[in-house]
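Architecture and fold: a report
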Amino acid sequence: MAGSNLLTLLDDITTLLDDIATMSKVATKKTAGVLGDDLALNAQQVTGVTADRELPVVWAVAKGSFLNKAILVPAALLISVWLPWLITPLLMIGGLFLCFEGAEKIFLSHHAEATEGAENLDLAEYEKQKVKGAIRTDFILSAEIIVITLGTVAGATLMNQALVLSVIAIIMTIGVYGLVAGIVKLDDAGLYLLNQSKLSASKFKELLGKALLAAAPRLMQFLAFAGTVAMFLVGGGILVHAIELLHHTQVDVTHYAQSVAGSTGEILAPLVFDGLLGIGAGLVIVIAHVAYTKFFKTNN
């Protein structure tokens, strides 16, 4: 009897793990786009940090990301049970914040950089602000990943939902920050290969080392650009999916683009729509923020 009960328990566990694996695969596919944005944004956050502090900064942000998900996973489960209507407004607030951050980088960065250049820059404080900003951005992207995953497993039991969310949270965090760590150390890998080529007289190592050294700064520049674009795309995308009128407008624009440019228009139209919406929303918030700040200073 005991043996039979044990086999039944093992069979139940196997079935549960199989269900979790299947749901996790589906959720991973649906969150892959956000994962790409998350990678670009977090790689961007490390730009400007000295070489010897790159990995410590990545590790600090990764720890913050794990903490974010440790908060978000139980919070999402509780909200989905008790306050499901609250998920969309919270996501919209996060999306608007991403749009604001992107617009702030474009429209206010030059003035900020000029001000910083005139002062002695505290590198420790600069690094602290970088980490803080990256963790804040990660929180919003993690929230979207968690919500998308939650929607994928909405029909499952609460236990299965919790397990799938936990699996996705861990895999996404390790994957993103493992890749970020590798990207920021490409130049060190190139330098190492060059030094090794001198010792072993290997032409392949020399060429590969030079290629990595040449590619590393260009890749970081691209990721910095891609990270800003991702803020608008993710922020605009959240607004589109949250507001029915915007969603219908995007569908109409996509259908028109498809009729004009075929599959290319079908692919590009939603991205352009989300991006322009994100830029517009971010610009409005930046203008309101600047106006409020000037008004507040004038009255004080």
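Residues numbered from 1 in each chain as written. Predicted model: local features only at pLDDT ≥ 70, side-chain atom pairs only at ≥ 80, totals over all residues. Heavy atoms only, no water.

Some thoughts on the pattern of salt bridges
Any two side chains of opposite charge can pair, so long as their charged atoms come close to each other. Counting across every chain of the model gives five salt bridges. With its nearest N and O atoms 3.7 Å apart, the salt bridge here joins Glu-206 to Lys-203. With a gap of three residues between them, Glu-206 and Lys-203 both fall in helix α9 (residues 203-242), about one helical turn apart. By relative accessible area, Glu-206 is classed as partly exposed at 22%. (Salt bridge = Lys/Arg side-chain N within 4 Å of Asp/Glu carboxyl O. Helix = DSSP H or I, 4+ residues; strand = E, 2+ residues; numbered from the N terminus. Buried < 20%, exposed > 50% of the residue type's maximum accessible area, 1.4 Å probe, protein only.)

A few points about the environment of Lys-205
Along the chain, Lys-205 turns up in helix α9. What makes Lys-205 partly exposed here is its relative accessible area of 28%. Spatially, the C-alpha atoms of Lys-205 and Leu-193 are 5.4 Å apart, while their sequence positions differ by 12 residues. Among residues more than four places away in sequence, those in contact with Lys-205 are Leu-193, Leu-194, Gln-196, Ser-197 and Ser-200. (Contact = heavy atoms within 4.5 Å.)

Points about the nonpolar core
Val-73, Leu-98, Ile-146, Leu-150 and Leu-165 are the most contacted members of the largest nonpolar core, which has 18 residues in total. Residue assignment for this core shows that the elements contributing at least two residues are α3 (54-82), α4 (87-107), α6 (123-152), α7 (158-184) and α9. Those residues within four positions of Leu-165 in sequence are excluded, and the remaining contacts are Val-73, Leu-77, Ile-146, Thr-149 and Leu-150. If you look at the next biggest cluster of nonpolar residues, it comprises 14 residues, including Val-176, Ala-181, Ile-183 and Val-184. (Core = buried A, V, L, I, M, F, W, Y, C linked by side-chain atoms within 4.5 Å.)

Focus: the packing of α6 against α7
α7 packs onto α6 with a crossing angle of 140 degrees between their chain directions and a minimal axis gap of 10 Å. On the basis of the axis angle, α6 is oblique to α7. Judged by the twist between their axes, the crossing of α6 over α7 is right-handed. Listed contacts from α7 to Asp-138, Ile-145, Ile-146, Thr-149 and Leu-150 of α6 are Gln-161, Val-164, Leu-165, Ile-168, Ala-169, Met-172 and Tyr-177. (Axes fitted to C-alpha atoms, helices over the stretch in contact; angles between N-to-C directions. Parallel < 35°, antiparallel > 145°, perpendicular 65-115°, else oblique. Left-handed = near helix turned anticlockwise from the far one by under 90°.)

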